[in-house]
Amino acid sequence: MTNTITASAVSSVDESFLAAVGDGDEYAAVEIVHGLLDAGTPAQRVMVDLIGRTQLRVGELWAANEWSVAREHAATATSERALAAVAARTTVRPHRGRITVACVDGEWHALPVRILAEMLRMDGWRVDFLGASVPGPHLVTHLHQTGPDAVALSCMIATRLPRAHAAVTACRSAGVPVIAGGRGFGPGGRYAQHIGADAWAANAEEAVSRLARNWPPPSRDPQLTAFLGDEEYTYVVRSRPSLITTSMDRLASAYPAVRDYDERQREATAEDMGHVVDFLSASLYVSETQIFTDFVDWTAAVLLARKVPAVAFRAGLDLVRDQLTDFHTARAILDAGIARLSNPR
Ligand code: B12
């Protein structure tokens, strides 16, 4: 019963909260979360069902080209302010242990793991929240300085999996077990297993209960390797700059409309070519074609919302493929991506 009431209390303010963050109006956003807490809604529900769910919509509005990057950034900052306001009302004395919570190097989706950090605090953990993009060596120095019982490592974007692997290996070598989470670890967290994380959880609530009931995990044979890449992976990563430059140089013959692009459009196209190479590298790294095909599906939709047709994207993929003549796995992954453009789901 309580859950039904709180769920409907949260959904009744969904639209006004989205409007407040979309307007960068932190006073309105904070007022809404205070109203819910005053009415007895548990702080966890406000964080997950209101702030988390709204952030998903913020990202979707950006992807659909309805909101600019600036508006998305302002909205994210406002949501962070609302999250801090919820946290400020819920102080719990630490009684469980100490945990380091961080995003992997190059990962800027910080709000999801910040929700996790606040939920762990509320469950009695002493949390060191290191935020977005933490370089592996700095993470390890922090572990040596603070001696935590766990590291919670977030990876929302699969291109960061090689860095996540190096970080997991370094943490485990330092004797600290790692719980991984975030969409970058794939369906059911299966890439987290590939890279040797001790545990994985789908969301903050699952992580809180896993860490409360079953931590530390039984110690495993360390068999640590910080690198899974093969020759193809190494070649693609090393050739990243030339793969992008050559594709950009040849793009105008494959897709003549590019000749009329202004500077900003050319930069955005080069950035997209960079994502093509990065997602291809990540697919090669963990031997999972799905990383690339998911990326193609999503990028095609994002580009279409910006009036870039699928043929342009297809031309970009072909140009990268043409440069990888002797790399059979990379070509097979690119072919699977190209097939998605001809047969969208
Ligand atoms: C908002 C958003 C953005 C915002 C980020 C704002 C910010 N500062 O956080 C902006 C617009 C800037 C952005 C940028 C990009 N994004 Co983005 N983004 C999203 C979006 C729509 C929502 C993410 C979110 O905040 N969700 C709300 C949270 C609360 O939901 P949640 O995931 O359920 O959260 C729980 C779990 O993730 C878990 N969790 C998270 N971390 C951890 C850690 C541990 C240890 C545990 C146990 C659990 C855990 O707990 C959370 C709370 O319950 C997702 C799509 C999606 N469906 O997730 C794409 C998404 C993550 N983005 C994506 C991409 C590709 C990008 C860009 C490359 C786009 C581009 N072309 O530039 C850039 C890269 C930025 C970077 N280098 O990091 C892809 C990643 C694909 C992949 N898996 O590899 C996604 C999945 C979209 C898609 N469908 O393809 N993005």
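Throughout this document, residue positions are counted from 1 along each chain, in the order its sequence is written. For a predicted model such as this one, the threshold for reporting local features is a pLDDT of at least 70, and the threshold for listing and counting side-chain atom pairs is 80 or more; totals across whole chains, interfaces and linings nevertheless cover every residue. In computing side-chain properties, one takes all heavy atoms of the structure into account and sets aside hydrogens as well as water.

Under an unreviewed UniProt entry, the name given to the protein chain is Cobalamin-binding protein, and the source organism is Paractinoplanes rishiriensis.

Participant: Describe the packing of helix H3 (residues 43-63) against helix H5 (residues 111-122), naming the residues involved and giving the relevant values.
Facilitator: A pair of packed helices can be characterised by two numbers: the angle between their axes and the separation between those axes. Put simply, H3 and H5 touch, their axes get as near as 11 Å, and they point 180° apart. It follows that H3 is roughly antiparallel to H5 by the angle criterion. In this structure, H3 uses Ala43, Gln44, Met47, Val48, Ile51, Gly52 and Gln55 to contact H5, whose residues at the interface are Leu111, Ile115, Glu118, Met119 and Met122. All residues other than Ala, Val, Leu, Ile, Met, Phe, Trp, Tyr, Cys, Pro, Asp, Glu, Lys and Arg, Gly among them, are scored as polar; the first ten of these are nonpolar and the last four charged. Across the contact of H3 with H5, the residue classes break down as 8 nonpolar, 3 polar and 1 charged. In this analysis, axes come from line fits to C-alpha atoms, helices being fitted only over the stretch in contact, and the angle between any two N-to-C directions falls in the range 0 to 180 degrees. The numbering of helices and of strands both runs from the N terminus, where a helix is a DSSP run of H or I of at least 4 residues and a strand a run of E of at least 2. The cut-offs work like this: below 35 degrees is roughly parallel, past 145 is roughly antiparallel, 65 to 115 is roughly perpendicular, and the gaps in between are oblique. For this analysis, residues touch if any pair of their heavy atoms sits within 4.5 Å.

Participant: An account of the environment of proline 241 is requested, with residue identities and associated values reported.
Facilitator: With respect to the helices, strands and loops of the structure, proline 241 is situated in helix H11 (residues 240-254). Buried residues are those whose accessible area, probed at 1.4 Å on protein chains only, stays under 20% of the maximum for their type, while exposed residues exceed 50% and partly exposed ones sit between those limits. Under the relative-accessibility criterion, proline 241 is labelled exposed at 53%. Note: C-alpha distance between proline 241 and valine 277 (36 residues apart in sequence) is 9.4 Å.

Participant: How would you sum up the confidence of the model for the protein chain? Please name residues and give values.
Facilitator: Residues at a pLDDT of 70 or more form 95% of the protein chain, whose mean pLDDT is 92. Note: pLDDT gives the predictor's confidence per residue, expressed from 0 to 100. The secondary-structure element of the protein chain with the lowest mean pLDDT is helix H1 (residues 2-22), recorded at 75, while strand E3 (residues 150-154) shows the highest, at 98.

Participant: Describe the sheet that holds strand E1 (residues 97-104), and please don't skip the residues or the numbers.
Facilitator: For two strands to be treated as a pair, DSSP must find no fewer than two bridges joining them. The strand order across the open sheet built from 5 strands is E2-E1-E3-E4-E5, with neighbouring strands paired in parallel fashion. Only two strands of the sheet have a single neighbouring strand rather than two, namely strand E2 (125-134) and strand E5 (199-200). Sheet topology note: the E1/E2 ladder contains 7 bridges and is parallel. Among the inter-strand pairings, valine 101 is bridged to a residue of E2, identified as phenylalanine 129. Running over the sheet, H5 touches E1, E2 and E3 and is turned about 170° from E2. Its contacts with the sheet place helix H7 (residues 161-173) against E1, E3 and strand E4 (178-181), and it is angled at close to 180° to E3.

Participant: Describe the pattern of salt bridges, and please don't skip the residues or the numbers.
Facilitator: We count a salt bridge whenever a side-chain nitrogen from Lys or Arg sits within 4 Å of a carboxyl oxygen from Asp or Glu. Considering all chains together, one arrives at 17 salt bridges under this definition. The residue aspartate 14 makes a salt bridge to arginine 53 at a minimum N-O spacing of 3.1 Å. Here the residue aspartate 14 occupies a position in helix H1, and arginine 53 occupies one in helix H3, the gap between them amounting to 39 residues. Residue arginine 53 is classed as partly exposed on the basis of its relative accessible area, which comes to 36%. Between aspartate 297 and arginine 340 there is a salt bridge, with its nearest N and O atoms 2.9 Å apart. Here arginine 340 lies in helix H15 (residues 328-342) and aspartate 297 lies in helix H13 (residues 289-305), a separation of 43 residues in the sequence.

Participant: Which residues make up a negative patch on the surface, and what values go with them?
Facilitator: Residues with no salt bridge and a relative accessible area higher than 30% make up the patches, which join like charges within 9 Å and nonpolar side chains (Val, Leu, Ile, Met, Phe, Trp, Tyr) within 5 Å. Shrake-Rupley sampling with a 1.4 Å probe provides the accessible areas, and residues are treated as covered by the protein chains on show and by no other component. The positive count covers Lys and Arg only, the negative count covers Asp and Glu only, and His and the chain ends enter neither. Throughout, a charge is located at the NZ atom of Lys, the CZ atom of Arg, the CG atom of Asp or the CD atom of Glu. A grouping of Asp262, Glu263, Glu267 and Glu271 is seen on the molecular surface, where their side chains present a negatively charged patch. Along the polypeptide, aspartate 262 turns up in the loop between H11 and helix H12 (263-286). Relative accessible area serves as the criterion here: at 39%, aspartate 262 is assigned to the partly exposed category.

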